[in-house]
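If you want the building blocks of each chain, they are given just below.
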Amino acid sequence: MKNMLVVLDGSSSDEHVLRQAIQLAATSGGNIHLFMTVYDSIEELNRYVGFDNYQEVKQSILDEAEVKLRRLTDKFGDHFTSTMHWGRRWHFHVISEAKKISADLVIKAVQRHSRIAEFLHTPEDWHLLRGASCPVWLVNDSTAQLNRVVAAFSTLDETENHRLLGERVLQKASELATALNIELHVVSVVPDWSQTQAIVGPMPGMPGQFPTVIADMGAQALEHAEDVIRETLVKLAIDSDVIEVRRGFADIELADAVGDSGALVIGSAAARKLTAKVADKLFGNTSEKVIHHVRGDVLVVH
């Protein structure tokens, strides 16, 4: 985490986001570059109506944003390089700027959106998560002090890419926990098969044995998941303060593990093929679902 791109928007969240970045840079020795997004509905009004002093009003808004940015940086007594961008679709320019400075981390405040709004128009946050070539840290605007990093680790190993992604999640989580000097928790979630019979009904030929078989399968899955976690941690030479395997829905359980004062590190492998985009539009991948529930910070690793 040597080159960090911090995305600001002139809101009250900017100070908290920059403070988190500075804390991380102080321990990791990283550099911070600021990217200020500026936009006002005057742009839309000018397109539909048009008025003579549009450029003057726009420049006044940009000047005001510049003043806000300078006041913020002066407050921390440091000088940062910065870029300012006017426009609604800012994610393209953030991704481009991250590549330009070879950023290994993008940090910004998390923005909440309704599920209906996401279906009709995917928010810029989602575009950033899917398009960024480096991890994205979504900082929750909370006064709670972070006390743990929770690495969301999948033990399914469906493909080699999934396995490598899981290892990157553990490595980034370990780096973040070390940089912030807080505990590292590794959490895996497996399905709760005890609810399966409510969906598919008892299996033919074993009406009384089905619950027992399902319970045994669940216990084996929990044991296997913990073994996989420990083996991977040994392979990567990572020490974890807590290893936990939970049953249930991943988004709900991970959000609970993070709580109000944790930072979740999770992998995102959102496919970019047309059919996969349609599926993501309807259901979303796990990392995007988690953001609906988690109350702490989220670091998304690609």
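Procedures and definitions
Each chain carries its own residue numbering, running from 1 in the direction its sequence is written. With the structure being a predicted model, the display of local features is reserved for residues of pLDDT at least 70 and the display and counting of side-chain atom pairs for 80 or more, all residues being used for whole-chain, interface and lining totals. Side-chain measures here rest on the full set of heavy atoms in the structure, leaving out hydrogens and waters. The helix and strand labels rest on DSSP assignments: H or I over at least four residues marks a helix, E over at least two residues marks a strand, and numbering proceeds from the N terminus. Every helix has an expected span of 1.5 Å times one less than the residues it contains. Summary of the burial criterion: residues with accessible area below 20% of their type's maximum are buried, those above 50% are exposed, and those between are partly exposed, where the area comes from a 1.4 Å probe applied to protein chains only. What makes two residues a contact is simply this: any of their non-hydrogen atoms within 4.5 Å. Orientation is described by lines fitted to C-alpha atoms, with helices fitted over the stretch in contact, and by angles between N-to-C directions that extend from 0 to 180 degrees. For classification, angles of less than 35 degrees are called roughly parallel, those exceeding 145 degrees roughly antiparallel, those between 65 and 115 degrees roughly perpendicular, and all remaining angles oblique. Put simply, Ala, Val, Leu, Ile, Met, Phe, Trp, Tyr, Cys and Pro go in the nonpolar bin, Asp, Glu, Lys and Arg in the charged bin, and everything else, Gly too, in the polar bin. Confidence of the predictor at the level of single residues is given by pLDDT, which spans 0 to 100. Grouping into patches uses exposed residues only, defined as over 30% relative accessible area, and leaves out salt-bridged ones; the cut-off is 9 Å for like charges and 5 Å for nonpolar side chains (Val, Leu, Ile, Met, Phe, Trp, Tyr). Under the convention used here, a 1.4 Å probe and the Shrake-Rupley method define accessible areas, while residue burial counts only the protein chains that appear. Just to be clear on terms, a salt bridge is a Lys or Arg side-chain nitrogen sitting within 4 Å of an Asp or Glu carboxyl oxygen. Each nonpolar core is a collection of buried residues, namely Ala, Val, Leu, Ile, Met, Phe, Trp, Tyr and Cys, held together in the definition by side-chain atoms within 4.5 Å. Crossing chirality is assigned from the near helix's rotation relative to the far helix, an anticlockwise turn below a right angle marking it left-handed and a clockwise turn marking it right-handed.

**Student:** How should I be thinking about helix 7 (residues 160-180) in this particular structure?
**Tutor:** Counted at 1.5 Å a residue, the expected span for helix 7 with its 21 residues is 30 Å, and the 30 Å between its end C-alpha atoms agrees. Those residues of helix 7 that sit buried are Leu165, Gly166, Glu167, Val169, Leu170, Lys172, Ala173, Ser174, Leu176, Ala177, Ala179 and Leu180. Backbone geometry just after helix 7 places Asn181 at a positive phi near 55°.

**Student:** What am I meant to see in the side chain of His185 here?
**Tutor:** Relative to the helices and strands, His185 is located in strand 7 (residues 183-190). Overall, His185 belongs to the buried group, its relative accessible area being 13%. Each residue touching His185, except ones within four places of it in the same chain, is listed here: Arg148, Val149, Val150, Ala151, Ser240 and Val242.

**Student:** Help me out: how do you make sense of the environment of Val190 in this one?
**Tutor:** The topology assignment puts Val190 in strand 7. Assessed through its relative accessible area of 7%, Val190 is described here as buried. The sequence separation of Val190 and Val245 amounts to 55 residues, and the corresponding C-alpha distance is 7.3 Å. Contact partners of Val190, with chain neighbours within four places excluded, come to Ala221, Leu222, Ala225, Val245, Arg246, Arg247 and Gly248.

**Student:** Please clarify how the packing of helix 1 (residues 14-28) against helix 7 should be interpreted in this entry.
**Tutor:** Packed helices, taken two at a time, are described by the angle their axes make and the gap between the axes. At a minimum axis distance of 8 Å, the contact between helix 1 and helix 7 shows a crossing angle of 90°. As judged from the angle between their axes, helix 1 and helix 7 are roughly perpendicular. Two secondary-structure elements touch here, helix 1 through Gln23, Leu24 and Thr27 and helix 7 through Leu176, Ala179 and Leu180. Considered class by class, the residues forming the contact of helix 1 with helix 7 number 4 nonpolar, 2 polar and no charged.

**Student:** Would you take a moment to explain the confidence of the model for the protein for this structure?
**Tutor:** Caution applies to low-pLDDT regions: their predicted coordinates should not be interpreted in detail. On average, residues of the protein carry a pLDDT of 82, and 79% of them reach 70 or more. The spread of mean pLDDT over the elements of the protein runs between helix 11 (residues 274-282), the lowest at 41, and strand 6 (residues 148-152), the highest at 96. Of the regions scoring below 50 in pLDDT, residues 271-284 engages in 16 contacts with residues more than four places distant in sequence or in other chains.

**Student:** Even after reading the chapter, I still don't get a nonpolar patch on the surface, so can you show me in this structure?
**Tutor:** Where nonpolar side chains cluster on the molecular surface, the patch consists of Leu45, Tyr48 and Val49 and spans about 390 Å² of accessible area. Assignment of secondary structure puts Tyr48 in helix 2 (residues 42-48). The exposed category is assigned to Tyr48, whose relative accessible area is 71%.

**Student:** What should I look at first to understand the nonpolar core in this one?
**Tutor:** Proteins that are soluble and globular tend to have nonpolar side chains buried together. Counting residues in hydrophobic clusters, the biggest one holds 54 residues, and the most contacted among them are Leu24, Ile32, Ile107, Trp137 and Leu176. The dominant element in this core, judged by the number of residues it contributes, is helix 7, at 8 residues. Leave out the neighbours within four places in its chain, and Ile107 touches Met4, Leu5, Val6, Val7, Val17, Ala21, Trp137 and Val139. Formed by 31 residues, the second largest nonpolar core is a distinct cluster that contains Leu128, Cys134, Val136 and Leu138.

**Student:** Help me understand the packing of helix 4 (residues 91-100) against helix 6 (residues 124-131), please; the structure alone is not making it clear to me.
**Tutor:** One can describe the packing of helix 4 onto helix 6 by two numbers: an axis separation of 9 Å at closest approach and a directional angle of 30°. The angle between helix 4 and helix 6 places the two elements in the roughly parallel class. Pair helix 4 / helix 6 crosses with right-handed handedness. Listed contacts from helix 6 to His91, Val94 and Ile95 of helix 4 are Glu124, His127, Leu128 and Gly131.

**Student:** Help me understand the environment of Leu222, please; the structure alone is not making it clear to me.
**Tutor:** Within the element layout of this structure, Leu222 appears in helix 9 (residues 210-236). Taking C-alpha positions, Leu222 is 9.1 Å from Ser188, a pair spaced 34 residues apart along the chain. The contacts of Leu222, once residues within four sequence positions are left out, are Val190, Val245, Arg246 and Arg247.

**Student:** Can you help me understand unusual backbone geometry in this one?
**Tutor:** The phi angle of most residues is negative, glycine excepted, and most peptide bonds adopt the trans form. In this structure, Ser102 is a non-glycine residue whose phi angle is positive, near 55°. Within the fold, Ser102 resides in the loop between helix 4 and strand 4 (105-109). The phi angle at Asn181 is positive, at roughly 55°, despite the residue not being glycine. Structurally, Asn181 is set in the loop between helix 7 and strand 7. Residue Asn181 is classed as exposed on the basis of its relative accessible area of 70%.

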